[in-house]
Amino acid sequence: MGYGYAGKILRLNLSNRSVSTIDTAQYEEWVGGHGLGSAIFWDLCQDKTVSGFDPRNVITIMAGPMAGTLAPGSTRCEMQGIGPQGYPIEWFTRSSFGGRFAPQLKYAGWDGVVIEGKADAPVWINVINDHVTIEDARGLWGLGTRKTQEEIWARVTGNRLNDWQAVGDAYTTQKPAVLCIGQAGEHLSRIATVMHDGGFAAGQGGFGGAWGAKNLKAISVRGTGGIKVADSKALIDTWLWHKTNFQFNVDNPRNEAPIVNFTDYWIINQSPGAVPIAPIWEPCRPKGCQGCPVACSRRMASGLANEAHCFTTNWPYLGIIPPGTQPTWMTPGEWAGGLAEPTDIHGLAKARYRTTDLLNDYGINVYDVFFADVYFYILFLMDAIGPGKAINCDLPFDKWGTEEYKAAYLKMIAYREGVGDDLAEGLERAAERWGRRKDDLESGLLPYPHWGYSEHNDPRAGVDQEYATILGDRDSNDHSFDLPTHGIPRVASISKTEPVISAERLVGILSQKVLPLQGDPLMFDYSDAGLYSASRAKTIAWGRRYARFWKDSVGYCDLLWPNFFNANAPDFSGYTPEGEARFFNAVTGKNISFVDGMEIGRRTWNLDRAVWVLQGRHRDMEVFAPYVYQVPSTRINHFPVYENGQWRYANVAGRALDKDRFEEWKAKYYELEGWDKITGWPTRSTLEPLGLGKVADELQRRGKLGG
C-alpha cells in the first residue's frame, strides 16, 4: 500500500470473537474514510434492510490518508453503518468525529476497523499496535464516557499517564485514544453518541445505540508507528503556503471582531479557540484536533467543557429566556448569535458548562436534546405535559432552564425513565407515541423536516443543507456554502456593520471555485426563483460530490474545507480548489486533480444511493414535512439574491417552499445525476461508467434499477 496508508484494516466479529484483517489495497480505489466504509459495507452487509440494532449490521470506522500528517484539518474519522436514528427507515448513514483517534489508529498500523456480529456479554477492544484483544467490559458497563476512558487509560498504561512507556520495542508518552459509549448507548437510545476524549462525538445517526446493541462499550487504540509521506518537502511547502496566505493573522485589522465575545465572527476570521459558541469567562487556550494548526476548540482552566464546541456549548444556555415567555424556534446558529453578550452570562457559565459535560458523559446527541427541550417547554405552556396531563411527566417545569432541570432531563433520557423512554427513541418517534406527530409536523411545532432529524438551518431559507438531507440519509451538517453565503451577511446583521464583502463579489468568487461546474453565479441565488432552478441542482450536486470525497473520504474538516472566502487573503479568495489536491498529492504521492476527486465523490454518492434504494428509497419519499410547504418562515435569514439584474444580501424571511415547484426541481436534479426521474433510482448508464457495474446488477436483480 502506498504513502498515507497503514496498509490493513482490522476486522472484528464480536459473535465468535474473531480478529482478522482486510488488505486496504483491495479498496484503494475508494481512497479512504467514507469511500472505504461504503465499499466494505456493500460487500459485507448481506441484508441491508436490517435494523441498526441487528447483529447483522456492519459498522465501519475509517480514517483518511491524511490523518496523522501535518495537513491542516485532516484528521476526521468516518463511522458508517445502518443508523437507528433514521425515520421511518433506519437508513445506511454516517457520522464523523475529530480528535486524535484516527492518527493513533494509523500509528498502530490500521486504516480502519470493521465491526460485525454481537458479543454475548459487554466487551471492549484493546488495540496496541498489531496486538488486538477483546476484553471483558462488565466492569465498565454503567460508566459514563469520561470514567470509561479514564479506566481504560489506567488499565492500558498502568496509571502512568504522561510518562515515557515501553510498548514492545518502542516508547511513547501518548495515552490511548478511546471511542466509547455512555449510559444512553447502553440503553439502546436512538440518539446516543459515540464519544472520544472530552468533546469529540460521532453524534448523528444513533451509532451509540448500535454499539450498545452489539454489547460493545469501547475501542482503545495506541500506536507507536508512523505514516510515511510521499513528498515531505512538498507537504511542508504547502503547509507554509497555507499558513502565510490564509491562516489567522492577529495583525490583520479584518480579524478584529466588532463585538467582544462575538463568537460568530469565527466565520470571518477563523480565529483559534472560537468555535465553542460561548463566551470566554476564565483562562483557557485553543485546542485543536491532532496536527491541526487552526485549533478551533478550547481547554479551560477549570477543566469544564474541554474540547466541546459548537452546539453542545450553547444548548445549555437555553433557559435564559424569562420564565413564562414562550421561546420561538431558532436554529442553533441563530440561538448562539442571539446570546453573544447577555448580561448574566458569566454567572451562568459554570453551571452551563457542567451541563455540557453531563450531556457528553451520558453520550446523547445534542440536536435532539435541544429541540426536545424547547418542544417540552411549549407543551408545558400549552398545558399538554406535566403530572397527570396528556403526556405524563414529572420534570420540574417551574425550574425549566436551570442546571437542576437539565440534569433531570438528561438522566431521564439516558436511562429511559418515564417519558425519557420515548425521547430516547428520538423526538419524532416520541411525538408519534404521544399522538402528536402528524399535527405538530403540520404546524411546525415539531421542526423535523426529514428522516427523523431536526432542522439544521431553516429549510425555507438557505435550502442547501436541507435539500442535501432530503436527498440523503441524515442531517447533512454540511457548511460548504452556508458559512460564506449566510454567515457573512449574518455577522453584519448581528453586529450592525457593513458586510466585509459585497454579495456580487462573494458570488463571483464562489462561482469560479466550484470546479467542474464553475461559471454559473446563479448557483448562489437564494431568491424565490433560485430555489428551484437548474443552477440550484448543480449547487446540491457539487456539495454532495465534494463532501463524499474531500471531506468524508480524504478526511478534511467541514469547518476548514472548502475555503471559498478567506478574510486573511488580500483578495478574499480562499484556498479551494488549489489546497485540496496539493496536500493530498504531497502525502499520497498520487497525482490527482481537484476534479478527479469530485468524480470519485460522485461515484461514492451513487454507491450510497444504491444502498438507500435497496432499503426502500423512492422519489415519492423525498418530501419534506408539511410545515415546510405550508407555514412561512418568520426567522431573519440573509442570503445573496439576484433580482432586477443586481446582486444584494436580502432577508428571505416570510416564505415557504412551493411543493409543486420542489417536485419539478427534483426532476432537474435527478436528470443531472443520471437517475430515473420517476423513481429517483440510479440507472445502468450512470453506474457502469463509474465502475459500479456490480451495483447495477444487484439493483436489477432486486427490481430496483432505474430505467
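Use the structure listed above.
Residues numbered from 1 in each chain as written. Predicted model: local features only at pLDDT ≥ 70, side-chain atom pairs only at ≥ 80, totals over all residues. Heavy atoms only, no water.

## Examining the packing of aromatic side chains
Under the defined criterion, the tally for this structure stands at 48 aromatic pairs. With a centroid separation of 5.8 Å and an interplanar angle of 50 degrees, the aromatic rings of Phe397 and Tyr405 are classed as tilted. Relative accessible area serves as the criterion here: at 6%, Phe397 is assigned to the buried category. Residue classification places Tyr405 among the buried residues on the basis of a relative accessible area of 0%. For the cation-ring pair, Lys48 lies above Trp42, with the distance from its terminal atom to the ring centre recorded as 4.8 Å. The side chain of Lys411 reaches across the aromatic face of Tyr415, ending 5.5 Å from its centre. (Phe/Tyr/Trp six-rings, centres within 6.5 Å; stacked < 30°, edge-to-face > 60°. Buried < 20%, exposed > 50% of the residue type's maximum accessible area, 1.4 Å probe, protein only. Lys NZ or Arg CZ within 6 Å of the ring centre and 35° of its normal.)

## Details of helix α23 (residues 659–673)
Compared with an ideal rise of 1.5 Å per residue, which puts 15 residues at 21 Å, α23 spans 21 Å between its outermost C-alpha atoms and is within 8% of the ideal. Among the residues of α23, those classed as buried are Phe662, Trp665, Lys666, Tyr669, Tyr670 and Glu673. In an axial view of α23, the angular spread of the buried residues amounts to 145 degrees, which keeps them on one side of the axis. More than 90 degrees from the buried face of α23, the exposed residues found are Asp660, Glu664 and Glu671. Those residues of α23 that are buried are in contact with α16 (464–470), α19 (534–551), α21 (594–615), α22 (626–630) and α24 (684–687). By the N-cap criterion, in which a side-chain oxygen at the helix start approaches the backbone nitrogen of a residue two or three places on, α23 is capped by Asp658, the distance to Asp660 being 3.0 Å. (Helix = DSSP H or I, 4+ residues; strand = E, 2+ residues; numbered from the N terminus. Expected span 1.5 Å × (residues − 1). Arc of directions from axis to C-beta. Contact = heavy atoms within 4.5 Å. Polar contact = N/O pair within 3.5 Å; in protein donor to acceptor, adjacent residues only side chain to side chain.)

## Describing helix α18 (residues 503–513)
Taken as a whole, α18 has its buried residues at Ala503, Leu506, Val507, Ile509, Leu510, Ser511 and Lys513. In this fold, the buried residues of α18 make contact with α17 (482–495), α19, β19 (638–643) and β20 (646–651).

## What to know about the pairing of strand β3 (residues 59–63)
Taking burial as the measure, the five residues of β3 include five buried ones, the bulk of the element. Across the two faces of β3 the burial is the same, with Ile59, Ile61 and Ala63 and Thr60 and Met62 all buried. Looking at chain direction, β3 and strand β6 (residues 112–116) are connected through four bridges and run antiparallel. The residue of β6 that forms the bridge with Ile59 is Ile115. As paired elements, β3 and strand β4 (residues 77–82) share four bridges and run antiparallel to each other. Residue Thr60 lies in a different strand from β4, and its bridge partner there is Gln80. (Pairing = 2+ DSSP bridges.)

## Some details on the environment of Asn215
With respect to the helices and strands, Asn215 occurs in the loop between α5 (207–213) and β14 (216–222). With 160 residues separating them in the primary sequence, Asn215 and Pro55 have C-alpha atoms 10.0 Å apart. Beyond its immediate sequence surroundings of up to four residues, Asn215 is in contact with Lys118, Ala119, Asp120, Ala121, Pro122, Val123 and Trp141. Side-chain polar atoms of Asn215 contact the backbone oxygen of Ala119, separated by 3.0 Å.

## Description of the sheet that holds strand β1 (residues 8–13)
The six strands are arranged β2-β1-β6-β3-β4-β5 in an open sheet whose pairing can be described as mixed. Both outer strands of the open sheet, β2 (18–23) and β5 (92–97), are each paired with one neighbouring strand and no more. Adjacent strand axes in the sheet meet at a mean angle of 20 degrees, parallel and antiparallel pairs treated alike. In the sheet, β4 pairs with β5 via six bridges, with the strands oriented antiparallel. Within β5, the position partnered with Gln80 by the bridge is Arg94. (Axes fitted to C-alpha atoms, helices over the stretch in contact; angles between N-to-C directions.)

## With respect to the packing of helix α11 (residues 366–381) against helix α12 (residues 403–414)
How two helices sit against one another is set out by the angle between their axes and by the gap between those axes. Two elements in contact, α11 and α12, have axes whose closest approach is 12 Å; the angle formed by their N-to-C orientations is 115 degrees. As for the relative orientation of α11 and α12, their crossing is right-handed in sense. Counting all contacts with α11, which are made through Asp368, Val369, Ala372, Asp373 and Phe376, the residues of α12 involved are Tyr405, Lys406, Tyr409, Leu410, Met412 and Ile413. (Left-handed = near helix turned anticlockwise from the far one by under 90°.)

## So, the sheet that holds β14
On the basis of which strands lie adjacent, the open sheet formed by six strands has the order β8-β7-β14-β11-β12-β13 and mixed pairing. Two strands close off the open sheet at either side, each with one partner strand: β8 (131–136) and β13 (200–202). The sheet shows a mean angle of 15 degrees between the axes of neighbouring strands, taken without regard to direction. As defined by bridge partners, strand β7 (residues 123–128) adjoins β14 across six bridges and the pair is classed as parallel. Bridged to Val127 within β14 is Val221.

## Overview of the state of the cysteines
Note on terminology: disulfide describes a covalent bond linking the sulfur atoms of two cysteines. Inspection of every chain in the model, using the stated rule, returns zero disulfides. Free cysteine Cys77: the closest other cysteine sulfur is in Cys289, separated by 11 Å. Take Cys289: it sits in no disulfide, and the sulfur closest to it among the cysteines is that of Cys296, at 6.4 Å. (Disulfide = S-S within 2.5 Å.)

## Regarding the environment of Val652
The topology assignment puts Val652 in the loop between β20 and α23. Judged by its relative accessible area of 8%, Val652 falls in the buried class.

## What to know about the pattern of salt bridges
According to the stated counting rule, one finds 57 salt bridges in the structure shown. Notably, a salt bridge pairs Glu29 with Arg603, separated by 2.9 Å at the nearest N-O pair. In this pair, Glu29 is assigned in the loop between β2 and α1 (33–44) and Arg603 in helix α21, connecting sequence segments 574 residues apart. The exposure class assigned to Glu29 is partly exposed, which follows from its relative accessible area of 47%. One salt-bridge network, in which partners are shared between bridges, spans Glu90, Arg190, Arg416, Asp421, Asp422, Glu425 and Arg433. (Salt bridge = Lys/Arg side-chain N within 4 Å of Asp/Glu carboxyl O.)

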